[in-house]
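Structural overview
What follows is each chain in one-letter form.
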Amino acid sequence: MDTDDEKKETRTAEIELRTHEIATKTATPLHTLDWYIKWVSSIVLIIGMILAANNLYPYNIVVQCAGIVGWLVVSIMWNDRSLIIVNAVGAAILINGLVGYWLKG
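Residues numbered from 1 in each chain as written. Predicted model: local features only at pLDDT ≥ 70, side-chain atom pairs only at ≥ 80, totals over all residues. Heavy atoms only, no water.

Concerning the overall build of the protein chain
Going by this rule: Secondary structure elements are defined from DSSP: runs of H or I of at least 4 residues count as helices, runs of E of at least 2 residues count as strands, and each element is numbered from the N terminus. Pairs of residues are marked as contacts when any of their non-hydrogen atoms sit within 4.5 Å. Calculation of accessible area relied on Shrake-Rupley with a 1.4 Å probe; when residues are assessed, cover is drawn exclusively from the protein chains displayed.
From N to C terminus, the protein chain includes four helices and zero strands. Taken from N to C terminus, the helices and strands of the protein chain fall in the order α-α-α-α. At a minimum sequence separation of 6, the contacts of the protein chain that also span at least 24 residues come to 47%. Accessible area for the protein chain stands at about 8,100 Å²; split by element, carbon and sulfur atoms hold 66% of it.

Some points on unusual backbone geometry
Quick reminder of the rule: Three labels apply to residues, based on accessible area from a 1.4 Å probe with only protein chains included: buried if under 20% of the type maximum, exposed if over 50%, partly exposed otherwise in between.
Note the cis peptide between Tyr-57 and Pro-58, where omega equals 5°. If you trace the backbone, Pro-58 turns up in the loop between α2 (33-53) and α3 (59-78). For Asn-55, which is not glycine, the phi dihedral falls at a positive 55°. For Asn-55, the location among the structural elements is in the loop between α2 and α3. Located in the positive-phi region is Asn-79, a residue other than glycine, with phi close to 55°. On the basis of relative accessibility, which here comes to 54%, the residue Asn-79 falls in the exposed class.

Here's the deal with the packing of aromatic side chains
For clarity, the cut-off: Stacked, tilted and edge-to-face are the three classes applied to pairs of Phe, Tyr and Trp rings, where Trp contributes its six-membered ring and a pair requires centres within 6.5 Å; stacked means planes under 30 degrees apart, edge-to-face means over 60, and tilted covers the rest.
Enumeration according to the criterion identifies three aromatic pairs in this entry. For the ring pair Tyr-57 and Tyr-101, a centre distance of 5.2 Å and an interplane angle of 90° mean the geometry is edge-to-face. Residue Tyr-57 is located in the loop between α2 and α3, and its partner Tyr-101 is located in helix α4 (residues 81-104); the two are separated by 44 residues in the primary sequence. According to the relative accessible area criterion, Tyr-57 is partly exposed, its value standing at 42%. Aromatic pair Trp-71 and Trp-78: ring centres 6.0 Å apart, planes at 80°, arrangement edge-to-face.

Here you go:
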């Protein structure tokens, strides 16, 4: 005979398994403002990485900065402090690089 604890544990495992059965199911809402911003920002960041890989300075910094600022907006909308910090610091670093480039040139 199963004890009550074993039954609860089995039931919890079954619920967790069902939750993870659909690997492509997203947990975030689709086609909301934050959804559009995060996807556009992600694509912009990828383009910025391609520019950086091809040494197209300072265009890579400008494009990456736009992507980071987009993600900063999303992280503020989500109130996710870790993303806010990462993206705010990233934006500051990129802006610092741009200012240094403009002051040199």
